[in-house]
Amino acid sequence: MTSTTQSIYTDSQIVAWLRGLYTIAWSDGHYDPEEEELIAQLTRELANLDSFERLEPIKPEELAIALGKDPETAENFLRTAVLVAVADGVYSAPEYELLQQFSQALNLEIEALKSLENTLYRPEESTSERIAKQTQPRLDVLHPVKDWLDGMEVQDPRLARFVCKVIPSQCPFERDINLFGRTIAHIPPLCKLNPLYEQLVSLRFRSLSYLADDCGEDISEYI
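Keep in mind it's a predicted model, so treat the numbers as computed, not measured. Along each chain, numbering runs from 1 in the same order as the chain's sequence is written. Where totals are concerned, whole chains, interfaces and linings use all residues; where local detail is concerned, this predicted model gives features only for residues with pLDDT of at least 70, and gives and counts side-chain atom pairs only at 80 or more. Side-chain numbers come from the whole structure's heavy atoms, not from hydrogens or water.

**What about helix α5 (residues 93-105)?**
Note: α-helices contain 3.6 residues per turn, so residues at a spacing of three or four share the same orientation. Under the convention used in this document: Numbering of helices and strands runs from the N terminus, with a helix taken as a DSSP run of H or I at least four residues long and a strand as a DSSP run of E at least two residues long. Here a helix's expected span is defined as the number of its residues, less one, multiplied by 1.5 Å. For the exposure calls, accessible area comes from a 1.4 Å probe over protein chains only, and a residue counts as buried if that area is under 20% of its type's maximum, exposed if over 50%, partly exposed in between. The directions considered for the arc run from the helix axis to the C-beta atoms. The contact definition used throughout considers only heavy atoms, calling two residues in contact when any of these lie within 4.5 Å.
Given a rise of 1.5 Å per residue, 13 residues ought to cover 18 Å, and the 18 Å separating the end C-alpha atoms of α5 matches this to within 8%. If you check which residues of α5 are buried, you get E95, L98, L99, F102 and S103. Down the axis of α5, the buried set is contained in an arc of 140°. They therefore lie on one face. Of the surrounding secondary structure, the elements contacted by the buried residues of α5 are α1 (11-26), α3 (60-67) and α4 (71-85). Following α5 by one or two positions, N107 adopts a phi angle in the positive range, close to 60°.

**Remarks on empty space enclosed by the protein**
Definition in use: Cavity: a set of points on a 1 Å grid over the protein atoms alone where a 1.4 Å probe fits but cannot get out. Pocket: an open set with protein on both sides within 12 Å along at least five of seven lines, its lining residues, like those of a cavity, having an atom within 4 Å of a point. Grid points are joined across faces, edges and corners, and a volume is the space filled by probe spheres set on the points.
Enumeration over the complete set of coordinates arrives at three cavities of 30 Å³ or more. Space inside the largest cavity adds up to approximately 90 Å³. Forming the walls of the largest cavity are 13 residues, and the residues nearest its centre are M152, E153, V154, Q155 and L159. Listing elements by their share of the lining of the largest cavity, those giving two or more residues are α8 (157-166) and α10 (197-214).

**A closer look at the environment of P94**
Positionally, P94 belongs in helix α5. Separated by 66 residues in the primary sequence, P94 and D28 have C-alpha atoms spaced 5.5 Å apart. Each residue touching P94, except ones within four places of it in the same chain, is listed here: S27 and D28.

**Considerations on the packing of α1 against α5**
For the record, the criterion: Axis angles are defined between N-to-C directions and span 0 to 180 degrees, where every axis is a line fitted to C-alpha atoms and, for a helix, only to the segment in contact. Note that the term roughly parallel is reserved for angles under 35 degrees, roughly antiparallel for angles over 145, roughly perpendicular for angles of 65 to 115, and oblique for everything else. By definition, turning the near helix anticlockwise from the far helix through less than a right angle yields a left-handed crossing, and turning it clockwise yields a right-handed one. All residues other than Ala, Val, Leu, Ile, Met, Phe, Trp, Tyr, Cys, Pro, Asp, Glu, Lys and Arg, Gly among them, are scored as polar; the first ten of these are nonpolar and the last four charged.
Packing of α1 against α5 leaves a shortest axis separation of 9 Å and a crossing angle of 150°. With respect to α5, the axis of α1 lies roughly antiparallel. As α1 runs across α5, the sense of the crossing is right-handed. Contacts between α1 and α5 involve G20, T23 and I24 from the former and E95, L98, L99 and F102 from the latter. Of the residues belonging to the contact of α1 with α5, the class tally is four nonpolar, two polar and one charged.

**Description of unusual backbone geometry**
A positive phi is found at N107, a non-glycine position, where the angle reads about 60°. As for its placement among the helices and strands, N107 is situated in the loop between α5 and α6 (127-134).

Below, the structure is given as structure tokens:
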């Protein structure tokens, strides 16, 4: 079923938005070919672009100009940028610095983001130390940023489709790595590695509901 709901963002805003998320995804140097192809496909679908080459990293000042002066638009972009930054369960220094630059360019000072600094990846930590720290209860520490992320309203069908495609429908399964009949390593599920996984899932659910209830779209492909 075709959506009858109009996008509240222009094509140029959508392109700038996706370029901003693309810039975040590239900032720590970890970007899989599969992710690149997915972004290319989504960009063609959502912003009517003919080629992936037109999607390039964007400077904070350019992003601010493209998104315009609406503070709600800027804040919603920043929310999605935060979720992209922590999607793999690691909040790196380059991602932190870029988010700070985006915030300044957009004239935003989000107090809740300061709590996220507690999850900042530190290279001197071992993998076991990092996983142990990530799996410890942080309800009090991260409560402000979780509330802030949950405050994002889904109001645009193209961004809702983007969210539904890039956020998995369920937490990837944990598993053991066995060698010669012995368990030599245990990989916890993504929901234990990512302190904001519940916010990702909640945003996906709100996007699905928006597409189904407000836009009248068939969401079976996302389930």
